[in-house]
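Descriptive analysis of the structure
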Amino acid sequence: MSKKIVIISTSLRNNSNSDILADEFLKGAENAGHIVEKINLKDKNIAFCKGCLACQINKKCIIKDDADEIFEKVKEADVVVWATPVYYYSMSGQMKTLIDRLNPLFVSPYNFKDVYLIATAADSNESAIDKTIQGLLGWIECLSKTRLKNVLKATGLTNPAEAKNSVKYLKEAYTMGQNV
Ligand SMILES: Cc1cc2nc3c(=O)[nH]c(=O)nc-3n(C[C@H](O)[C@H](O)[C@H](O)COP(=O)(O)O)c2cc1C
């Protein structure tokens, strides 16, 4: 069955490794017949959550910026994929900022169950991704219908576009997308 997949690519740098792997995931998923939309935070204007909790009453954020449109797309998706660089052994700040701004999800109906993570780190040890996973699990725990389906731990990637040389990670990302 064809699924609606939203990929949120959060790195802001050109030739981003996590973005390259997100594109491979996309290719795999599209070739398997799914409908995929990739959102790149590079082009987006997303302010920090102010913590007012008005969203818990209004089911919408009071801040009018690009998070609103992403919220609508995430709500409609069957599958959500996050792609992030590891920053200080955690998710990127821009990913966390968006997660906070998706707080209306807590009181809104949404379709997705499966969440995927694509994370890139300079460190060659896979444990470099652990705290990023833990952080994402915080979000998943709060959205009771959801689960973390799979994680691509792409380690040992420092410079831009390095992921393009990694047949292993490119293949892993493609296969993960294909098997959604
Ligand atoms: C602010 C900052 C913090 C980083 N912190 C870590 C870190 O804690 N551990 C690590 O392995 N790599 C760290 N890195 C390296 C990136 O995770 C690595 O270059 C990754 O490939 C970037 O992915 P991207 O190209 O998708 O942005 C950091 C990079 C930046 C810019």
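For the structure, see preceding data.
None of these values were measured; they are calculated from a predicted model.

A separate point is the site of the ligand. Around the ligand lies a shell of 16 residues, among which Ser11, Ser16, Ser18, Val86 and Leu157 are the nearest. A distance of 2.9 Å is found between a nitrogen atom of the ligand and a backbone nitrogen or oxygen belonging to Tyr88. Summarising the interface, the protein chains cover 79% of the accessible area of the ligand, which totals 650 Å² for the free molecule. The residue inventory of the shell around the ligand, partitioned by class, reads 8 nonpolar, 6 polar and 2 charged.

Along the chain, Gln94 falls in helix H4 (residues 93–101). Dropping the residues within four chain positions of it, Gln94 is found in contact with Thr10, Ser11, Leu12, Leu41 and Tyr87.

Glancing now at the environment of Asn40. Structurally, Asn40 is set in strand E2 (residues 35–40). Classification of Asn40 by relative accessible area gives buried; the value is 14%. Separated by 16 residues in the primary sequence, Asn40 and Glu24 have C-alpha atoms spaced 15 Å apart. Setting aside its immediate chain neighbours within four residues, Asn40 contacts Ser9, Ser11 and Asp19. Side chain to side chain, Asn40 and Asp19 meet in a polar contact 3.5 Å long.

This brings us to the nonpolar core. Ranked by size, the top nonpolar core spans 32 residues in total, and within it Ile8, Trp82, Leu105, Phe112, Leu136 and Trp139 carry the most contacts. Secondary-structure elements contributing two or more residues to this core are strand E1 (4–9), helix H3 (67–76), strand E3 (79–85), H4, strand E4 (114–120) and helix H5 (130–142). Of all hydrophobic cores here, the second largest spans 23 residues; its members include Ile20, Val79, Tyr116 and Val180.

Another aspect to go through is unusual backbone geometry. Phi is positive for Leu53, which is not a glycine, with a value near 65 degrees. With phi around 60 degrees, Tyr89 is a residue other than glycine that occupies positive phi space. Assignment of secondary structure puts Tyr89 in the loop between E3 and H4. With a relative accessible area of 41%, Tyr89 lands in the partly exposed category.

In terms of burial, E4 is largely enclosed, as 7 of its 7 residues are buried. Neither face of E4 is left uncovered, since the one carrying Asp114, Tyr116, Ile118 and Thr120 and the one carrying Val115, Leu117 and Ala119 both have all their residues buried. Taken together, the 7 bridges between E3 and E4 define a ladder with parallel strand orientation. Following the sheet pairing, Pro85 is matched in E4 by Thr120. Between the parallel elements E3 and E4, the chain passes through H4 in a crossover that is right-handed. Sheet topology places E4 next to strand E5 (residues 147–154); 7 bridges connect them, and they run parallel. In the strand pairing of E5, Thr120 is matched with Ala154. Crossover connection from E4 via H5 to parallel E5: handedness right-handed.

Cut-offs and rules
- Residues numbered from 1 in each chain as written.
- Predicted model: local features only at pLDDT ≥ 70, side-chain atom pairs only at ≥ 80, totals over all residues.
- Heavy atoms only, no water.
- Near = heavy atom within 4 Å.
- Polar contact = N/O pair within 3.5 Å; in protein donor to acceptor, adjacent residues only side chain to side chain.
- Areas by Shrake-Rupley, 256 points an atom, 1.4 Å probe, with all protein chains shown as cover.
- Nonpolar A, V, L, I, M, F, W, Y, C, P; charged D, E, K, R; others polar.
- Helix = DSSP H or I, 4+ residues; strand = E, 2+ residues; numbered from the N terminus.
- Contact = heavy atoms within 4.5 Å.
- Buried < 20%, exposed > 50% of the residue type's maximum accessible area, 1.4 Å probe, protein only.
- Core = buried A, V, L, I, M, F, W, Y, C linked by side-chain atoms within 4.5 Å.
- Pairing = 2+ DSSP bridges.
- Right-handed = clockwise from strand over helix to strand, strands pointing away.

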